[in-house]
Every structure is written in structure tokens, then in C-alpha cells.
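# Coordinate analysis (summary)
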Amino acid sequence: MEPLVRMKKISKSFGPVQALRQVDLTLHQREVLGLVGDNGAGKSTLMKVLTGVYRPDEGEIYLNGQRVRFNSPYDSRNAGIEMVYQDLALAGNLHVAGNIFLGRELTKKYLGGLIKFLDHKGMAQEAARLLERLRVEIQSVDLKVETLSGGQRQAVAVGRSMGFNARVVIMDEPTAALAVTEVAKVLDLIRNLKEHDVSVILISHRMQDIFEVSDRIMVLRQGRKVGDLVRSQTTMDEVVALITGAQGEALQTVTEVA
Amino acid sequence: MSTMARTVKTRRFSVGAVLDRFGIALALLLLMAILTILSPEYFLTRENLTNVAARIAFIALLSLGEFLVILTAGIDLSVGAVMGLSLIVLAWSSHHLYEWYAGWYYAGAGMAASLPPPEGPVVLTTISVLAIAATLGVGVLCGLLNGWGFTKLRLPHPFIMTLGMLNIARGAAFLISGGSPITGLPKAIRVFGAGNIRLFQFADGEWFKIPVSFVVILVFYFVFWVFLTQTKTGRHIYAVGGSPQAALYAGVDVDRVLNKVYMLAGLLAGVAGVMYAGRINSGTPKAARGGDELDAIAAVIIGGASFFGGRGTVMGTFIGVLILAFIRNGLNLLNVSVFWQEVAIGVIIITAAFVDVIRLRTGQRE
Ligand SMILES: Nc1ncnc2c1ncn2[C@@H]1O[C@H](COP(=O)(O)OP(=O)(O)OP(=O)(O)O)[C@@H](O)[C@H]1O
Ligand SMILES: [Mg+2]
């Protein structure tokens with residue numbers, strides 16, 4: 001079966017810095033892929049290539065076997081890919097509902113569709129319902145995001161990625177600012193997404209989180225893919241060794257699966 | 001775990017919150033109260049208020065455009081010069097249209113009988129409409145070029161592109177006009193800048209009139225208030241000002257939003273040109289010398305918009321325009337020298353910007 005996402009030989013450099021070298025990535029239906037690597041390994045860059053924030057210097061992206069070219073996150077969101085960015089990407093001057101619906105505003109038509117005005121009430125209700133479903137503790141969706149705590153902001157960012165029936169949800173360090181109970185909630189949400197046939201790519205430095213929810217673990221080191229392992233057939237020690245370079249490469253399992 | 005997400009608004013009655021929301025309106029009222037006390041026999045009179053209302057038209061429109069740009073954390077230095085160019089385009093094109101039609105009318109004497117004469121209302125109105133369309137077109141074109149310079153040429157800051165445009169528009173205004181005013185405009189144009197609407201008659205037989213230009217700016221301010229608060233594009237303008245990166249990641253076409261904003265600023269400068277020309281019944285290149293954009297920036301900042309982008313309201317900008325106008329007017333009434341007026345306005349701009357800094361510092365985390 002065609003994988004949901006296939007990235008082929010992706011390369012990307014920023015001036016002299018070669019952030020990605022010929023990286024392949026596959027993501028199957030109903031799969032949680034853990035993406036790990038040291039700081040600067042290229043994880044965020046690879047995901048930003050997938051969402052169209054960056055255009056790759058080389059390489060191709062396929063969605064359900066179809067070649068896609070995303071020029072901006074607008075395109076990738078329309079194709080059903082949502083991402084929680086490591087740098088959060090919320091507009092502090094907008095309120096919670098405004099951020100959740102940013103770029104996806106609900107509107108009401110007037111004068112037979114001639115003009116469309118924002119549906120403030122509808123967005124507030126939907127946003128509140130979404131956050132309630134995710135059990136996010138925010139007093140009001142009318143609060144400006146800049147007044148929220150780091151954890152609350154992260155919750156809003158996660159909430160936004162879940163609100164639009166995505167096929168793929170990418171989470172770049174979604175738990176970095178969260179307390180232990182909140183982390184457990186996010187991990188629950190990830191399992192929940194999988195049950196609803198959504199595939200997830202999770203980037204995290206917390207190895208126990210990766211091992212708790214992932215089906216497969218992909219390791220990047222210095223812009224190269226050095227590991228692709230089935231979770232049940234590997235150990236934390238092996239993954240850490242791949243991250244640090246203590247072990248060379250472990251890519252055999254992929255070719256068997258794919 | 002209990003669910004905490006509610007739609008209920010949390011209301012916090014704090015002095016800070018009230019000042020934050022109504023601070024500028026209170027400042028305006030305070031200013032008016034002071035001026036009423038200092039100039040009891042003249043400040044609050046019909047004549048004076050009507051006078052101020054008629055005078056603020058073009059600066060109010062420039063400020064509205066500048067406000068949109070500042071909302072995106074940008075700046076448009078060209079609005080004053082573009083207004084000046086618009087003024088010239090308006091006067092020049094209405095004169096040329098008139099001459100062209102008159103020449104044609106008198107040349108084709110045979111069929112002239114069935115055509116409206118050059119001085120007839122139909123012809124003059126048509127000329128006015130065409131000239132205004134050309135004027136607004138020039139404003140829009142300047143704005144589009146500004147946006148293009150920033151988003152396509154990737155010039156480092158809108159400051160650069162709009163500084164260039166300031167010079168280009170000013171030069172063009174002098175080139176087209178040859179440096180001297182083009183006087184005399186059709187009535188249909190003058191009405192916007194100089195007309196009055198009679199509302200009702202007082203007991204003393206005098207009419208209560210409001211300037212057409214004041215009604216025009218009220219309409220524009222209302223339309224832009226709706227645009228900014230009720231439409232997707234308006235929401236995106238705030239988002240781009242708050243965090244261009246967040247807007248981009250959310251799938252907002254940031255460059256397109258910016259292009260729209262600069263285009264609208266250009267359009268509003270064109271409208272300001274129409275109002276200005278109507279008021280003085282001529283197109284004078286002097287208007288293109290610049291300086292008015294600085295007043296517009298001042299009004300926007302006094303009105304509480306943040307130079308950092310993403311913060312400010314249409315209402316605030318309107319109040320900023322009024323505050324600026326009343327200070328000038330009030331100090332004139334009190335016979336304070338123009339130079340002291342400038343000093344006073346400078347102090348107020350700095351104070352307003354400082355209030356914004358404080359507000360950001362207290363309102364935001366981190
Ligand atoms: N916009 C950019 N401009 C220049 N260099 C960049 C840019 N984005 C990333 N890089 C560089 O590319 C490399 C990979 O960065 P990336 O952010 O993808 O790493 P990461 O694996 O996400 O690291 P972390 O775990 O710290 O988030 C780094 O050397 C980084 O400095
Ligand atoms: Mg990263």
C-alpha cells in the first residue's frame with residue numbers, strides 16, 4: 001500500500017549550512033512516527049519542508065502516491081497536514097479563538113453571499129468546544145494569547161492542529177513547556193488521533209515520550225537519516241547511540257517495512 | 001478534571017483596563033474641557049467646530065491609510081506626496097477632459113445641437129467622475145508599487161520604498177503641473193471638499209450644517225472599522241502585525257495582505273487628494289512637498305496604535321486625528337505661536353508612544 005506521506009531524498013541548505021542531506025521519510029496510515037535527533041540535526045527543517053514553509057533544494061514529496069509541491073503552509077493545510085511549530089507561531093495580539101481559527105476563519109454570508117463577515121460567535125463556541133474536548137484549562141477564548149502562560153500557549157497550538165480534521169498532524173516539541181500532567185494529556189491526544197485514523201509525527205527530546213506513543217522511530221544526525229526503527233524491535237539505548245553517533249546506522253528495518 | 005474553557009467573558013474592572021480601553025477618549029474629552037475653559041467664548045461654538053470638522057478631512061483619510069500600514073508594523077512615508085500628486089492629477093485631468101470635450105463640441109458644429117454643451121451638468125459630472133477615477137487610480141498605483149517594492153523587491157523596510165515613492169510622487173506632481181497651481185474645478189468635485197449639508201434650522205434662522213467632507217470621513221472610518229473587525233482580511237492584517245511568522249505558518253498569504261494594505265493607503269491618499277482639491281478649488285503642487293504624512297503618523301500614534309504592529313483601533317485613530325486638530329485649533333485660538341504648537345505636538349507624540357511601551361510591558365508576559 002502507498003504510504004500516506006513519502007519524502008524522497010530531501011536536501012536543504014541555508015547558505016553554507018547543509019541542514020538536510022538526501023533524507024527519506026515515510027509515514028503510513030494510522031502511524032505515529034517519532035522523529036529524534038540532537039539539536040540542529042534538521043528535524044524542524046525537515047518538517048517545515050513538508051508543510052511548505054521551506055522549499056527543498058532537492059527531493060520530492062508524495063501524498064498518497066501523488067506528487068505534491070507545497071508553496072506555503074496554506075497548501076499543506078489544505079492537503080490535510082497540520083503542524084504545531086516548535087516556535088509556536090501564535091499571534092500574541094489575537095485572542096485564543098482568533099489564533100485557533102487563524103487562516104481558517106469561519107464566516108457568515110450576507111446579501112446573498114456578496115459579502116462575508118467573520119462569525120465571531122461561531123468561532124468562539126467552536127474554539128471553546130475544542131479546548132474543552134482537549135481538556136485545556138483556559139478561562140476564556142477571548143483572552144489574548146500574550147497573556148497566557150507558556151503551557152497554555154502550547155495547548156492552544158496543539159488545539160489548533162486538532163481542530164481541522166487533518167490527515168497528518170506534526171508536533172514539534174509539543175510538550176517542551178508542559179507540566180507532567182499536561183504532557184500525559186498530549187500523549188493521550190496523540191493516541192486518540194491515531195484511533196481516529198490520523199497519522200502523527202512527533203518530535204521530542206524526551207525519549208520516554210517517544211517510546212510511549214511511537215510505532216516507528218526515525219533518527220537524524222547532522223542532516224542525515226541514520227536510523228529508522230520499529231519501536232518494538234529497538235531500545236532506548238540503541239536510539240540514543242544513533243543520536244549521538246556512538247552507533248553508525250540502523251536503516252534495515254525500514255526497507256523491510258516499506 | 002473539570003473543564004475550564006468557557007465562552008463567558010471574564011470582566012475585570014480595573015483602572016488599568018478602563019484606561020487601556022478608553023484612555024484616549026478620556027484624553028480627548030479632557031483636552032476639549034481645557035480648551036473650553038481657556039477659550040470659553042469661542043472654542044465650543046458652531047463655527048469653530050464646523051471649521052475643525054471641515055479641516056480634518058484630508059488628514060483623517062491619510063491617517064486612516066497610515067493606520068493600516070502601521071498595524072502591519074510598517075510605515076508609509078509617501079501618503080502626503082501621493083495625496084499631492086493626486087491633487088494635481090485631479091485638476092490636470094479635469095481641465096484636459098474639459099478642453100478636449102469643448103474642442104470637440106465646437107468643432108463638430110453640425111451635430112452639436114444634439115449634444116450637451118461643455119458647461120452642462122451632464123458633461124461636468126461626467127468629467128468629474130472620470131477625473132476622480134483617474135485620481136484614485138493613481139493613488140492605488142502608487143500604493144501597489146509601495147507594496148511591490150517591499151514584498152517583491154524585498155527592500156529591507158517599507159521605510160525605503162515609501163521614501164522613494166515620496167520623492168517620485170513629489171517630482172511627478174511638479175512635472176505635471178509645471179510647478180504652478182491648476183485652479184478651478186467642477187462643482188461636482190468641489191462638493192466633496194467644500195460642500196455643506198444643511199441639517200436643520202435654528203431658532204435664529206441659521207442653519208445647522210455639517211461639511212460633506214466630514215460625512216465622507218465618517219463613512220470611510222465606518223467602512224474601515226467594519227473591514228478590520230468583521231472580515232477575514234481585516235483579521236489577517238492584525239495577525240500579520242502581531243506575528244508575520246504565525247500568520248505565515250497558519251497559511252495566511254502575508255505578502256498579499258501587505259500588498260492590500262499599501263494599496264489601500266494609496267487609495268486613501270487619492271481620496272484625501274480629492275477632498276483637499278475640492279476644499280481649495282485647485283490643484284497645487286505645494287501639497288506634494290510633504291509633511292502631511294508626518295501629521296498622519298502622529299495622529300495614529302496619538303490614537304494609541306502601536307509602532308510594533310498589531311495593536312490599535314479605527315476609533316483610536318479617529319480620536320488621534322481629533323486630538324491633533326483640537327490642539328492646533330485650540331492653541332491658535334489662544335494665540336500661541338505655531339512653533340510652540342509644534343513643540344506641544346512633539347511632546348504629545350512622545351508621551352503617546354511611551355504609554356504604548358508601558359502598556360506592552362504590563363499587558364504581556366515574558
Ligand atoms: N531559517 C534558517 N536559516 C539558517 N539556518 C537555519 C534555519 N533553520 C535552520 N537552520 C540551521 O539548520 C540546521 C538544522 O536546524 P533545525 O532547526 O532543523 O534543527 P532541529 O533538529 O529542529 O534542532 P532542535 O532540536 O534544536 O530544534 C541548524 O544548523 C540550524 O542552524
Ligand atoms: Mg527544532
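Before going into details, it helps to say that this report is about the structure given with it. Since the model is a prediction, treat every value here as computed from it, not as a measurement. (Residues numbered from 1 in each chain as written. Chains lettered and ligands numbered in written order. Predicted model: local features only at pLDDT ≥ 70, side-chain atom pairs only at ≥ 80, totals over all residues. Heavy atoms only, no water.)

So, about the overall build of chain B. In terms of helices and strands, chain B carries 15 helices and four strands. For 366 residues, the compact-globule formula gives about 21 Å, and the C-alpha radius of gyration of chain B, at 23 Å, lands near that figure. With 366 residues in all, chain B has 48% of them scored as buried. Of the contacts made within chain B by residues no fewer than 6 positions apart, 75% connect residues no fewer than 24 positions apart. With the model as given, the accessible surface of chain B reaches about 17700 Å², and the carbon-plus-sulfur share is 69%. (Helix = DSSP H or I, 4+ residues; strand = E, 2+ residues; numbered from the N terminus. Rg over C-alpha atoms; globule rule 2.2 N^0.38 Å. Buried < 20%, exposed > 50% of the residue type's maximum accessible area, 1.4 Å probe, protein only. Contact = heavy atoms within 4.5 Å. Areas by Shrake-Rupley, 256 points an atom, 1.4 Å probe, with all protein chains shown as cover.)

Here the focus is the overall build of chain A. Of the regular secondary structure elements, chain A holds nine helices and 12 strands. A principal-axis box enclosing the C-alpha atoms of chain A has dimensions of 60 × 40 × 40 Å. Counting across all 258 residues of chain A, residues that qualify as buried make up 56%. Pairs at least 24 residues apart make up 63% of the contacts formed inside chain A by residues separated by at least 6 positions.

Moving on: the coordination of the magnesium ion (ligand 2). All names here are of chain A. Each protein donor to the magnesium ion (ligand 2) is listed here as Ser44 (OG) and Gln86 (OE1); together their distances run 1.9 to 2.1 Å. Of the two residues, Ser44 sits in helix α1 (residues 43-51) while Gln86 sits in the loop between β6 (81-84) and α3 (96-100), which places them 42 residues apart along the sequence. Since its relative accessible area comes to 43%, Gln86 is described here as partly exposed. (Donors = N, O, S within 2.8 Å, 3.2 Å for Na, K, Ca; no water.)

Evaluated as defined, the whole model comprises 16 aromatic pairs over all chains. Consider the rings of B:Phe224 and B:Phe227, whose centres lie 6.0 Å apart with planes at 80°: the pair is edge-to-face. Taken together, the residues B:Phe224 and B:Phe227, both in helix α9 (residues 212-230) and three residues apart, mark about one turn of the helix. Site record: aromatic cluster; members linked through ring pairs are B:Trp100, B:Tyr101, B:Trp104 and B:Tyr105. Geometry around A:Phe164 places A:Arg104 over its ring, the cationic atom sitting 5.2 Å from the centre. When the ring centre of B:Phe202 is taken as reference, the NZ or CZ atom of B:Arg46 above it lies at 3.9 Å. (Phe/Tyr/Trp six-rings, centres within 6.5 Å; stacked < 30°, edge-to-face > 60°. Lys NZ or Arg CZ within 6 Å of the ring centre and 35° of its normal.)

This part takes up the interface of chain B and chain A. Opposite the 35 residues of chain B that make contact, chain A presents 44 residues. Summing the contributions of chain B and of chain A, the shared interface buries around 3300 Å²; its carbon and sulfur component is 58%. On inspection of chain B and its partner chain A, the count reaches one salt bridge. Across the pair A:Glu146 and B:Arg311 runs a salt bridge whose closest N-O atoms are separated by 2.8 Å. Here chain B and chain A share 10 residue pairs in polar contact (both at pLDDT 80 or more) between them. (Buried area = accessible area lost by both parts, 1.4 Å probe. Salt bridge = Lys/Arg side-chain N within 4 Å of Asp/Glu carboxyl O. Polar contact = N/O pair within 3.5 Å; in protein donor to acceptor, adjacent residues only side chain to side chain.)

Here we come to the site of ligand 1. All names here are of chain A. The immediate surroundings of ligand 1 are formed by 14 residues, with Asn39, Gly40, Lys43, Ser44 and Thr45 found nearest. Taking Ala41, its main chain carries an N or O atom lying 3.2 Å from an oxygen atom of ligand 1. In the environment of ligand 1, an oxygen atom lies 2.9 Å from a nitrogen or oxygen atom belonging to the side chain of His205. With the chains in place, 65% of the 640 Å² that ligand 1 exposes on its own is no longer accessible. Listed by contribution, the elements that provide at least two residues to the shell around ligand 1 are β2 (17-27) and α1. The element best represented in the shell around ligand 1 is α1, accounting for three residues. Here the residues of the shell around ligand 1 sort into five nonpolar, seven polar and two charged. (Near = heavy atom within 4 Å. Nonpolar A, V, L, I, M, F, W, Y, C, P; charged D, E, K, R; others polar.)

With that out of the way, let us pick up the sheet that holds strand β12 (residues 224-230) of chain A. Residues and elements named next belong to chain A. Ordered by their spatial adjacency, six strands build an open sheet running β6-β9-β10-β3-β11-β12, and the pairing between neighbours is mixed. The sheet is open, and its two borders are formed by β6 and β12, each paired with just one other strand. Neighbour-to-neighbour, the strand axes of this sheet turn through a mean angle of 15°, independent of strand direction. Where strand β3 (residues 32-37) and strand β11 (residues 216-221) come together, five bridges link them in parallel fashion. Paired with Gly37 across the strands is Leu220, a residue of β11. Helix-sheet contacts for helix α6 (residues 180-195) involve β3, β9 (168-172) and β10 (199-203), and the interaxial angle to β9 is about 160°. Running over the sheet, helix α8 (residues 236-244) touches β3, β11 and β12 and is turned about 25° from β11. (Pairing = 2+ DSSP bridges. Axes fitted to C-alpha atoms, helices over the stretch in contact; angles between N-to-C directions.)

Now for the packing of helix α2 (residues 46-55) of chain B against helix α14 (residues 314-333) of chain B. Residues and elements named next belong to chain B. Axis separation between α2 and α14 bottoms out at 10 Å; the angle between their running directions is 135°. Here α2 lies oblique to α14, going by the angle between them. Helix-helix and strand crossings are classified by hand; for α2 and α14 the assignment is right-handed. Where α2 abuts α14, its residues Asn48, Leu49 and Val52 lie against Ala325, Phe326, Asn329 and Leu333. Residue composition of the contact of α2 with α14, grouped by class: five nonpolar, two polar and no charged. (Parallel < 35°, antiparallel > 145°, perpendicular 65-115°, else oblique. Left-handed = near helix turned anticlockwise from the far one by under 90°.)

A surface patch of nonpolar side chains, amounting to about 430 Å² of accessible area, comprises A:Tyr110, A:Leu111, A:Leu114 and A:Ile115. Structurally, A:Ile115 is set in strand β8 (residues 115-118). (Patch = residues over 30% accessible without salt bridge, like charges linked within 9 Å, V, L, I, M, F, W, Y side chains within 5 Å.)

Okay, helix α7 (residues 158-177) of chain B next. All names here are of chain B. Relative to the 28 Å expected for 20 residues at 1.5 Å per residue, α7 spans 28 Å between its end C-alpha atoms, a close match to the ideal helical length. The set of residues buried in α7 consists of Pro158, Met161, Thr162, Met165, Leu166, Ala169, Ala173 and Ser177. For α7, the arc enclosing every buried residue in end-on projection is 145°, short of the 170-degree limit, so these residues lie on one face. Turned more than 90 degrees from where α7 packs its buried face, Ile168 and Leu175 sit exposed. Buried residues belonging to α7 abut α4 (79-107), α6 (121-151), β1 (182-183), α12 (254-280) and α13 (292-302). Of the residues trailing α7, Gly178 is marked for its positive phi of about 65°. (Expected span 1.5 Å × (residues − 1). Arc of directions from axis to C-beta.)

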